[in-house]
Amino acid sequence: MPRYYVALTCVPGIGPMAAASVLAAFPGPQDAFEAGVALLRTSGLSEARTRAMAGFNDWDAVDRILEDAERAGQEIVTIADPRYPGALRMMDGAPPVLFVRGSLEDTTQLAATIVGTRHPTPYGEKVAERLGAALARAGICTVSGGARGIDGLAHRGALAAGGKTVVVCGAGLDVPYPPEHASLFEQVVAAGGTLLSELLPGTRPTRGTFPRRNRLLAGLGRAVVVVEAGDKSGALITARYAMEQNKTVIAVPGQIDRAQSKGTNRLIRDGAKPLLDIVDVVEEVLGEYQRRGRAEDEALQSFAPRVPPPPGDAGSVWDSLVLEPADTDELVEKTGMDAARVNAALVELELMGRVKRRPGNRYYANLEDQ
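Residues numbered from 1 in each chain as written. Predicted model: local features only at pLDDT ≥ 70, side-chain atom pairs only at ≥ 80, totals over all residues. Heavy atoms only, no water.

Further remarks concern the overall build of the protein chain. Along the protein chain, the regular secondary structure elements total 19 helices and 11 strands. Referenced to the eigenvectors of the C-alpha coordinate spread, the extents of the protein chain come out at roughly 85 × 40 × 40 Å. The buried share of the protein chain, reckoned over its 370 residues, is 50%. Restricting the contact set of the protein chain to residue pairs at least 6 apart, pairs at least 24 apart contribute 67%. Taken as a whole, the protein chain presents about 17,100 Å² of accessible surface, with 50% of it coming from carbon and sulfur. For the protein chain, the distance from the average site of its 41 positive side-chain charges to the average site of its 46 negative ones is 4 Å. (Helix = DSSP H or I, 4+ residues; strand = E, 2+ residues; numbered from the N terminus. Buried < 20%, exposed > 50% of the residue type's maximum accessible area, 1.4 Å probe, protein only. Contact = heavy atoms within 4.5 Å. Areas by Shrake-Rupley, 256 points an atom, 1.4 Å probe, with all protein chains shown as cover. Lys, Arg positive; Asp, Glu negative; His and termini not counted. Charge placed at Lys NZ, Arg CZ, Asp CG, Glu CD.)

Structure (structure tokens):
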């Protein structure tokens, strides 16, 4: 029954690690609350926590939390519930309860966590959005923290590509943070994704709630990708948690003179895998699935073609269009060629069947027939 699991989170001094000790020592939380001081001591709790647990009587507060969650459309998923994410259940100090909005199907079985600075460069913005989209096309769930900057862009990239995404919130689910992402969170739910938090309804974000969220971000993904991060970025906390959980950490290399690159470049120096291609993340997450699953192989080909580029100007234009569709003006800017050379290259590529034109004179790489 969720009531006793929620009560466990309300006992002063009982955090996730202490709650795990209690649940390991008793068949369930109700048994623990009814055990008394002598039996509670066998769970390994400190004397202060033992007495706080034995003396807990604020059941009205627990019932208010249950009512608040129901009123806000949040589902309470306990660690004993088979729908509780398996990746989190295996984590040391897994939260005894999660508050959830959205789909509870196991979208995190194949998941990658994308994190980074709230103040990305234009390059970081592009990488984050493309990562979310590419993972979605490969059938991989994008997990992130819903924050400004890299997090929000990763979620949006996944949604734009029709994929599932999970937002791990650093506040109660009824306190959208940042406020300007409230509509994004509703889009996530509407698209079959998930909002989740271990924090009680009404909990406002504080300096201490974000490290708790970051621990769950690391737990949910098979790999953690840090796109851009400064020296003191919270994304580095997520990376550290991932390393402690023996997860793969992948970092996007950045310019050495940019503050947003200092954290990621240092991660690479200290042993993180450098992200040299979107496929690096997909291969890490898919593992055996990538080698055996035809659907995943096809998805990989959709954004990581093995077709060699044609020579000359046509090759430069082709390389740009493989990354994303573009019109002539955008191709002039990306390739550094003048409009006449770009148009000549587009004609050559169309004759070769390598590009197709969309309404609005936007071109895209034709990968289906290669």
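Moving on to the nonpolar core. In this structure, Phe33, Met53, Val143, Val168, Leu196, Val226 and Leu267 are the most contacted members of the largest nonpolar core, which totals 65 residues. For Met53, the contacting residues outside a window of four places in its chain are Leu8, Val11, Val22, Ala32, Phe33 and Leu40. Leu110, Ala112, Leu135 and Ala138 belong to the second largest nonpolar core, which has 22 residues in total. (Core = buried A, V, L, I, M, F, W, Y, C linked by side-chain atoms within 4.5 Å.)

Let us now look at the pairing of strand 2 (residues 97–102). Within strand 2, 5 of the 6 residues are buried, which leaves the element mostly enclosed by the surrounding structure. In the sheet, strand 1 (residues 75–78) pairs with strand 2 via 4 bridges, with the strands oriented antiparallel. Directly across from Thr78, in strand 2, lies its bridge partner Val97. (Pairing = 2+ DSSP bridges.)

Buried within helix 12 (residues 234–244) we find Ala235, Leu236, Thr238, Ala239, Tyr241 and Ala242. Among the structural elements, strand 3 (111–115), helix 11 (209–220), strand 7 (223–226), strand 8 (248–251) and helix 13 (259–269) are those in contact with the buried residues of helix 12.

Within the secondary structure, Ala171 sits in the loop between strand 5 (165–168) and helix 10 (182–190). Note on Ala171: relative accessible area 2%, which makes it buried. Along the chain, Ala171 and Ile76 lie 95 residues apart, while their C-alpha atoms are 15 Å from each other. If near-sequence neighbours (up to four positions away) are discounted, Ala171 is found in contact with Ser197, Leu199, Thr203, Arg204 and Pro205.

Before going further, it helps to spend a moment on unusual backbone geometry. With an omega dihedral of 0°, the bond running from Tyr177 to Pro178 counts as a cis peptide bond. Mapped onto the elements of the fold, Pro178 is located in the loop between strand 5 and helix 10.

The next point concerns the side chain of Arg101. Inspection of the secondary structure assignment puts Arg101 in strand 2. The exposure class of Arg101 is buried, given its relative accessible area of 18%. Looking at Arg101, its side chain comes within polar contact range of the side chain of Glu186, at 2.9 Å. Excluding residues that lie within four positions of it along the chain, Arg101 makes contacts with Ala72, Gly73, Gln74, Leu173, Glu186, Val189, Gly193, Thr194 and Leu195. (Polar contact = N/O pair within 3.5 Å; in protein donor to acceptor, adjacent residues only side chain to side chain.)

Before going further, it helps to examine the sheet that holds strand 9 (residues 273–274). Spatially, 9 strands are ordered 1-2-6-5-4-3-7-8-9 in an open sheet, and the strand pairing comes out mixed. Looking along the sheet, the strands with just one partner apiece sit at the ends: strand 1 and strand 9. Pairing of strand 4 (residues 141–144) with strand 5 involves 3 bridges; the strand directions are parallel. By the bridge assignment, Ser144 is partnered in strand 5 with Val167. Strand contacts of helix 1 (residues 2–10): strand 1 and strand 2, with the helix running at about 80° to strand 1, the strand carrying the most contacts. Where helix 14 (residues 278–286) meets the sheet, it contacts strand 3, strand 7, strand 8 and strand 9, and its direction lies at approximately 170° from that of strand 8. (Axes fitted to C-alpha atoms, helices over the stretch in contact; angles between N-to-C directions.)

Turning to the packing of aromatic side chains, a few remarks are in order. Scanning all chains against the criterion turns up 6 aromatic pairs. Judged by centre distance (5.3 Å) and plane angle (70°), the ring pair of Phe33 and Trp59 falls under edge-to-face. With Phe33 in helix 3 (residues 29–33) and Trp59 in helix 6 (residues 59–71), this pair connects stretches of sequence that are 26 residues apart. The exposure class assigned to Phe33 is buried, which follows from its relative accessible area of 11%. Directly above the aromatic system of Tyr177 lies the positively charged group of Arg148, at a separation of 5.7 Å from the ring centroid. It is Arg354 that lies over the ring of Trp318; its NZ or CZ is 4.3 Å from the centre. (Phe/Tyr/Trp six-rings, centres within 6.5 Å; stacked < 30°, edge-to-face > 60°. Lys NZ or Arg CZ within 6 Å of the ring centre and 35° of its normal.)

Here we take up the pattern of salt bridges. One pass over the structure, following the stated rule, counts 15 salt bridges. One salt bridge in this structure joins Glu75 and Arg83, with 2.7 Å as the shortest N-O distance. Take Glu75: its relative accessible area is 34%, and that puts it in the partly exposed class. Arg240 is the partner of Glu244 in a salt bridge, and the nearest nitrogen-oxygen pair spans 3.9 Å. With Glu244 and Arg240 both in helix 12 and 4 residues apart, the pair spans about one turn of that helix. (Salt bridge = Lys/Arg side-chain N within 4 Å of Asp/Glu carboxyl O.)

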